[in-house]
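Spelled out, the chains give:
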Amino acid sequence: MKFPGRRRHKHYFPVEDKDPLISQFHSSDRLTHNYICGIDQIVVDIEAKVDQAFLDEFQLKRGMSQVIDSTITNALYDRLKRDKLVEYEFAGGTIGNTLHNYSVLADDRSVLLGVMSENINIGSYAYRFLCNTSSRVDLNYLQPVDGPIGRCFTLIDDTGERTFAISAGLMNYLRPESIDKALVQNSSALLISAYLMRTQGDETMTEATMQAVQYANEAGVPVVLTLGTKFLIEQDPTWWAEFVEKYVDILAMNEEEGEAITGFSDPLLAADKALDWVDLVICTAGARGMFMAGYVEESFKRETEHPLLPGAISEFNRYEYSRAMRKSECENPIRMYTHSAPYMGGPDAIKNTNGAGDCALAAVLHDLSANVYHKLNVPNSAKHEQNAFTYSSLAQISKYANRASYEVLVQHSPRLSRGLPEREDSLEQAYWD
Ligand SMILES: Nc1ncnc2c1ncn2[C@@H]1O[C@H](COP(=O)(O)OP(=O)(O)OP(=O)(O)O)[C@@H](O)[C@H]1O
Ligand SMILES: O=c1[nH]cnc2c1ncn2[C@@H]1O[C@H](CO)[C@@H](O)[C@H]1O
């Protein structure tokens, strides 16, 4: 609970003492607001603890996200219910989670594109999805479908490894004509995942995604791709590398996905390789924290005050105090990298790692979008003499991202239920004075 805090007498005075000019100036409707948008396969997570025998029984490959047919879905669901194995059911989807967390962290608008059942019964999965999504996530652009959204059976074993079994419902029937061109082209970023390329038969999600990507590319709106699962990438790494190079501006992955797409198991080298294709890279590395890589114009580079770190690229964090720029905005682009260990060394007890990476990405997007917001409202600020992509330095962003994912590790759901505290309880009062 947030405590009511202390009140001071001098803050209480009659309303007529307020200066009408000042109150006009502060009115928030004079500020220009920006938003980000994202596309997802709309799913509810059904989480259960299971063992290897259970996975074998339903022919599920451990650690993978796989699409299952209706026969396996029904058998799996009946079994989970019969043995009372379901721990919780909550809105999910990698982009849905990221947008929700972005909106909670930024306390601002994001727009989710995807499908939603046109007839919703109280207690149904569609209903649950809507109830568990932040009111700051704009759901008005969802395309109605005559049937169910998807279900993602999230099966967790003793080691904490997650196996996803997707019962698709109509989640992949988003049509290209449902993508609003102006909405995408006026947004501060378009967020997509590799899962959106996994469609079959008459499913139209991939075409819809490509339509949105084309709109974003045309308007110079950054396209942010999160890789989702290494198994998808491993099927055709060359195709993915070409896709990223052609359409994507910011790439988010974990170290396994990083290895699948670049061939480098070292997250720093994987991030460096991916920088050949995009402007900014986020590579989360579980208990090792996260790495980021980006570009800065030579004349704007700022040296770190932290010790220089050894690694496959020696002293790789030298310019981590710089704000990231698009490569095309730099005359003499230099590469910079940063690494942050988990916040407070990670929690003493991890409740659930599901969605920790999604939350890290949400924090990065918050920083990017804050930069757009500041630029829109204070265009003459000295801050924008540098045409940067991010509001903060790479070092700051990765710390913020790790702080945000910590919050997911200490709760059960991948979605934050509240924003971060303005002042960390763990830090002494003197830190804030
Ligand atoms: N075991 C751990 N100990 C401490 N911190 C962790 C641990 N696992 C994850 N984290 C934190 O969470 C962040 C993201 O974790 P991870 O690399 O597991 O993401 P991910 O595999 O992409 O997750 P997901 O796909 O579920 O969103 C890390 O950068 C780190 O800050
Ligand atoms: O195929 C998929 N499409 C969309 N989201 C998925 C898929 N598989 C798993 N997740 C989502 O990934 C989140 C954790 O990062 C989970 O919440 C799950 O819903």
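Residues numbered from 1 in each chain as written. Chains lettered and ligands numbered in written order. Predicted model: local features only at pLDDT ≥ 70, side-chain atom pairs only at ≥ 80, totals over all residues. Heavy atoms only, no water.

A. Layout of the UniProt feature "binding site: ATP" (unreviewed entry) in the chain. With numbering aligned to this structure, UniProt lists the feature "binding site: ATP" (unreviewed entry) at Thr284, Ala285, Gly286, Ala287, Arg288, Gly289, Gly357 and Asn402. These annotated residues cover 119 residues of sequence, and their C-alpha atoms all fall within 12.6 Å of one another, placing them together at a single site. Relative to the helices and strands, glycine 286 is located in the loop between strand S14 (280–284) and strand S15 (290–297). Discounting chain neighbours no more than four positions away, the residues touching glycine 286 are Glu255 and Pro342. As for its placement among the helices and strands, glycine 289 is situated in the loop between S14 and S15. For glycine 289, a relative accessible area of 4% gives the class buried. The contact partners of glycine 289, leaving out residues within four places of it in the chain, are Thr284, Ser340, Ala341, Pro342 and Asn402. (UniProt positions renumbered as here; feature names shortened; annotations may be inferred. Helix = DSSP H or I, 4+ residues; strand = E, 2+ residues; numbered from the N terminus. Contact = heavy atoms within 4.5 Å. Buried < 20%, exposed > 50% of the residue type's maximum accessible area, 1.4 Å probe, protein only.)

B. Region of interest: the pairing of strand S10 (residues 162–167). Of all six residues in S10, five are buried, a share of seventy percent or more. With three bridges joining them, strand S3 (residues 65–67) and S10 adopt parallel strand pairing. The residue bridging serine 65 from the neighbouring strand is phenylalanine 164, located in S10. In this sheet, S10 lies alongside strand S9 (residues 150–156) in antiparallel orientation, the contact comprising six bridges. Among the inter-strand pairings, arginine 151 is bridged to a residue of S10, identified as serine 167. Hairpin connection between S9 and S10: a loop of five residues separates the two successive antiparallel strands, and glycine 160 in this loop has a positive phi of roughly 90°. (Pairing = 2+ DSSP bridges.)

C. Broad picture of the packing of aromatic side chains. Within the structure shown, the criterion is met by nine aromatic pairs. Between tryptophan 239 and phenylalanine 243, the aromatic rings sit 5.3 Å apart at their centres with planes inclined by 20°, giving stacked as the arrangement. Taken together, the residues span about one helical turn, with tryptophan 239 and phenylalanine 243 both in helix H9 (residues 237–247) at a distance of four residues. Phenylalanine 243 gets classed as buried once you look at its relative accessible area, which sits at 5%. (Phe/Tyr/Trp six-rings, centres within 6.5 Å; stacked < 30°, edge-to-face > 60°.)

D. Focus on the packing of helix H10 (residues 255–262) against helix H11 (residues 267–274). At a closest axis distance of 9 Å, the pairing of H10 and H11 adopts a crossing angle of 50°. In terms of axis orientation, H10 runs oblique to H11. Classified by chirality, the crossing of H11 by H10 is left-handed. Within the contact between the two elements, H10 uses Glu255, Gly258 and Thr262 and H11 uses Pro267, Ala270, Lys273 and Ala274. Each residue belonging to the contact of H10 with H11 can be placed in one class, and the counts come to three nonpolar, two polar and two charged. (Axes fitted to C-alpha atoms, helices over the stretch in contact; angles between N-to-C directions. Parallel < 35°, antiparallel > 145°, perpendicular 65-115°, else oblique. Left-handed = near helix turned anticlockwise from the far one by under 90°. Nonpolar A, V, L, I, M, F, W, Y, C, P; charged D, E, K, R; others polar.)

E. Expanded view of the site of ligand 1. The local shell around ligand 1 holds 20 residues, among which Arg162, Thr284, Gly286, Gly355 and Asn402 are the closest. In the model, an oxygen atom of ligand 1 is placed 2.7 Å from a nitrogen or oxygen of the glycine 355 main chain. The fraction of the free accessible surface of ligand 1 (630 Å²) that becomes covered by protein chains is 84%. (Near = heavy atom within 4 Å. Polar contact = N/O pair within 3.5 Å; in protein donor to acceptor, adjacent residues only side chain to side chain. Areas by Shrake-Rupley, 256 points an atom, 1.4 Å probe, with all protein chains shown as cover.)

F. Region of the structure containing the site of ligand 2. Near ligand 2 lie 17 residues; those nearest to it are Gln41, Asp45, Ser65, Gly93 and Asp358. Here an oxygen atom of ligand 2 and a side-chain polar atom of aspartate 45 are 2.5 Å apart. In this structure, a nitrogen atom belonging to ligand 2 sits 2.9 Å away from a side-chain N or O atom of serine 65. Relative to its free-state accessible area of 420 Å², ligand 2 is covered by the protein chains to the extent of 96%. Contributing elements (two or more residues each) for the shell around ligand 2: strand S2 (43–49), helix H4 (94–106) and S10. Here the shell around ligand 2 is built from residues that sort into six nonpolar, seven polar and four charged.

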